[in-house]
Every structure is written in C-alpha cells, then in structure tokens.
Amino acid sequence: MSDTSPYLVPPEDLGSLLPGEPSFRADQLRDWLYHSPVLTADEMTNLPSAVREAVGGDLWPFEVEVDQSADNGRTRKWLFRAPDGAAIEAVLMGYRKRTTICISSQVGCAMGCTFCATGQFGFDRHLEAGEIVAQVAYANAFLRRFPIPGSPDRVTNVVYMGMGEPLANYERVRESLRRLIDVSGMSARSITVSTVGVVPGIDRLADEPWPVYLAVSLHGADDVTRSRLVPLNDRYPLEAVIESAEAYFAAKGRRISIEWTLIKGVNDSDDQARKLAAIAGRLRAHVNVIALNPTPLSDDRPSGDDRIRGFVETLLANGANATLRETRGQEIDAACGQLRLRRATE
Ligand code: SF4
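In this text the structure is predicted, and so the values were computed from the model without any measurement.

### Section: the environment of R96
So, point 1. For R96, the location among the structural elements is in the loop between β3 (87-94) and β4 (99-102).
So, point 2. In this structure R96 comes out as exposed when scored by relative accessible area, which is 69%.
So, point 3. The spatial distance from the C-alpha of R96 to the C-alpha of Q272 is 33 Å, given a sequence separation of 176 residues.
So, point 4. Leave out the neighbours within four places in its chain, and R96 touches G150, S151 and P152.

In structure tokens form, the structure reads like this:
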C-alpha cells in the first residue's frame with residue numbers, strides 16, 4: 001500500500017504508485033483525482049479493489065481537523081492538518097452563480113502584514129503543489145456529497161487568498177495552476193492569484209501562458225501608509241507594484257483588482273480614498289474594500305460603519321470602480337489565518 005497521497009505525485013507520474021498495473025489504470029486514477037474527485041477511494045468504482053486499496057489509505061495529503069459552517073451553510077471553513085503538523089486553511093463560499101474556494105499557498109507567511117493573523121505567526125513552510133490543488137479537489141469531492149443549496153455543486157472559482165503569499169512560493173503555485181487549468185480543465189478566467197506586491201512574481205506570472213486574474217493587496221495609497229501595514233513595501237514600493245500590475249494588465253487583458261483592508265485611523269481617510277481612486281483609474285482596476293477582521297495580536301481595529309460608507313463613497317465620487325466586499329463566516333474566524341491562530345492559542 002502506498003503511503004503517499006496521489007495528490008503529491010505529478011498527475012503524469014501516477015503510474016509509479018501502481019506498479020504492475022496497466023497504464024490505463026493511472027489514467028483512470030487521474031480522472032478521479034482531477035476531474036471527479038471523491039472523498040474516499042471506495043467511490044472510485046471503475047478501479048479494482050487492489051488499486052483502491054493502494055491509494056485509499058492516504059488519498060488526501062492532510063486530515064480534516066476542523067470543518068465548520070456558517071452563513072446558513074453557505075460558508076464552510078476547513079482546517080486541514082498535514083502529517084508533519086502543518087495547518088492548512090481553506091474557505092468555501094456558495095453564491096447564486098458561483099462556488100468559490102479561497103485556498104492557502106503557504107503554512108504561515110513571511111510578509112508580516114501588521115493586521116493579518118497569518119502574518120503575526122511567521123512562516124513555517126511552503127505548500128507543495130499537490131497540497132494546494134488538493135484543497136480544491138477536496139472541496140469538489142465534498143460538494144459532490146454535500147452541495148450548497150442554491151449554488152453550483154462544484155467549485156467554479158478559485159482564489160489564492162488564504163494563508164501565505166502565493167508569489168513567494170512561485171514554482172509550486174505555478175505547478176498548481178498548471179494542474180488546475182491544464183489537467184483539471186478549469187478556465188484560467190475562474191482563477192485569481194492575490195499578491196501583496198511581490199514584483200518579480202507578478203512579472204513572471206505575466207509571462208505564463210494562463211490569463212489568470214491578478215489581485216493586488218495595496219492597503220495604503222502612499223509609501224508611508226503602505227509601509228506601516230505591509231513591510232514588503234520597503235522592498236517593492238508602491239510605484240513599482242503599480243507599474244508591474246500595469247504590465248500584467250497589458251500582457252493579459254485581465255482587469256486587475258485592488259484589495260484594501262480598511263483599518264480605523266490608519267488607511268480609512270478621504271485623502272487615502274482619493275489617492276486610491278487615482279491609482280485604480282491608472283490601472284483601470286476594481287477596488288474591493290474589506291472591513292478589517294480584527295485579530296487578538298494586533299491593536300488595529302475596523303473602521304466604523306459610517307467611515308466605511310464614507311470611504312467607499314469618496315472612492316466612487318472620484319471615479320473608482322469599487323465594492324464593499326461582503327464578509328463571510330465571521331463567527332467561524334473565516335479570515336485567513338484566524339482558525340489556525342485560534343487553535344494555537346486555545
Ligand atoms: S496579508 Fe497575506 S501577505 Fe500579508 S501577512 Fe497575511 S497572508 Fe501574508
């Protein structure tokens with residue numbers, strides 16, 4: 001019996017897990033893993049029992065440690081635990097026409113954004129490509145058995161916005177994109193890679209064959225404000241990030257989105273809103289404003305409702321395309337890193 005999850009093996013090498021089996025068995029296994037994922041190998045009905053046993057013991061590269069639902073079942077949060085103890089968070093959100101999963105690309109994060117639960121814990125390790133795609137596959141397998149009423153019964157959108165900075169784990173994230181798009185057949189248009197501004201990574205992504213969407217987390221519309229929240233700004237200042245995002249837009253023709261976590265007294269002024277609107281206009285970007293989900297290790301607090309409204313109104317009045325992002329799953333710590341933080345401090 002194999003003790004390697006088949007998701008940790010490149011899809012083209014699955015035959016290595018099935019010595020003595022004809023090669024079409026590996027093709028069948030690949031179909032199950034990447035086209036019709038199931039929660040257990042028992043459900044892989046066209047495979048002989050010996051093959052199911054060979055892959056069944058460690059089908060997933062993690063165990064499901066926490067499985068929580070919120071928003072009347074429309075939001076689901078998982079904390080997966082890898083055999084080495086690494087905690088991996090993913091959040092599934094059902095909408096009317098979309099079922100979106102927010103996945104992690106690293107365990108922890110080295111970027112140290114001051115308002116972020118993951119950043120406050122530091123960096124543990126990169127996730128393997130198989131650990132990244134398995135989060136999507138697990139969600140698809142889960143939805144097959146437990147669909148979200150009123151939402152598509154498979155993952156329609158993937159956002160790399162969970163724990164970690166995807167472009168700091170470039171090669172493995174790239175391989176996960178290849179598997180999702182070229183092997184699973186997802187449209188690049190249904191995938192968004194988010195970055196806090198790793199300029200060389202944005203430039204490399206622009207050279208890849210897949211026109212995925214790019215979301216840039218700015219959080220500050222000048223270098224002083226941004227450096228206070230995003231230490232990486234000292235290395236890749238605002239103007240460099242904007243220029244790199246502009247080049248990405250030119251290369252891919254995909255509208256950039258700007259993520260903006262609104263923090264009381266830090267980046268919620270009308271002055272910041274006006275500067276942000278100018279940046280959004282330059283990039284022809286859409287701005288997603290997100291109310292801060294406060295974490296116990298930071299003094300940063302969310303802006304009040306009036307200020308949130310005022311900030312968005314100033315953005316709109318200055319010509320920006322902007323929406324206030326619906327916050328999901330607050331009662332289950334759905335913001336990235338929060339569930340892991342809760343488990344570690346309990
Ligand atoms: S906001 Fe993103 S990039 Fe910044 S510390 Fe958190 S996970 Fe890392």
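### Here we look at unusual backbone geometry
So, point 1. In the Ramachandran plot, D71 falls in the positive-phi region, its phi being about 50° despite a non-glycine side chain.
So, point 2. Its location among the elements puts D71 in the loop between β1 (63-70) and β2 (75-81).

### Topic: the side chain of T99
So, point 1. Tracing the sequence through the fold places T99 in strand β4.
So, point 2. Taking the relative accessible area as the measure of exposure, T99 reaches 0% and is therefore buried.
So, point 3. Reaching out from T99, the side chain makes a polar contact with the backbone oxygen of P152 at a distance of 2.6 Å.

### A word on the side chain of S257
So, point 1. Structurally, S257 can be placed in strand β10 (residues 257-262).
So, point 2. S257 has contacts with L214, A215, V216, H286 and N288, leaving out every residue within four places of it along the chain.

### Quick word on the site of the ligand
So, point 1. Residues in contact with the ligand, as listed here, are C109, M111, G112, C113, C116, G119, G164 and V196.
So, point 2. Partitioning the shell around the ligand into residue classes produces five nonpolar, three polar and no charged.

### Thoughts on the pairing of β3
So, point 1. The element β3 is extensively covered by neighbouring structure, given that eight of its eight residues are classed as buried.
So, point 2. Residues of β3 alternate between two faces, with A87, E89, V91 and M93 on one and I88, A90, L92 and G94 on the opposite face, all of them buried.
So, point 3. In sequence, β2 turns back onto β3 through a hairpin of five residues, with G85 there showing a positive phi of about 95°.
So, point 4. For β3 and β4, the ladder comprises four bridges, and the chain directions are antiparallel. Each bridged residue has a counterpart across the sheet, and for V91 the counterpart in β4 is C102.
So, point 5. In this antiparallel pair of consecutive strands, β3 and β4, the connection spans four residues.

What counts and how
Residues numbered from 1 in each chain as written. Predicted model: local features only at pLDDT ≥ 70, side-chain atom pairs only at ≥ 80, totals over all residues. Heavy atoms only, no water. Helix = DSSP H or I, 4+ residues; strand = E, 2+ residues; numbered from the N terminus. Buried < 20%, exposed > 50% of the residue type's maximum accessible area, 1.4 Å probe, protein only. Contact = heavy atoms within 4.5 Å. Polar contact = N/O pair within 3.5 Å; in protein donor to acceptor, adjacent residues only side chain to side chain. Near = heavy atom within 4 Å. Nonpolar A, V, L, I, M, F, W, Y, C, P; charged D, E, K, R; others polar. Pairing = 2+ DSSP bridges.

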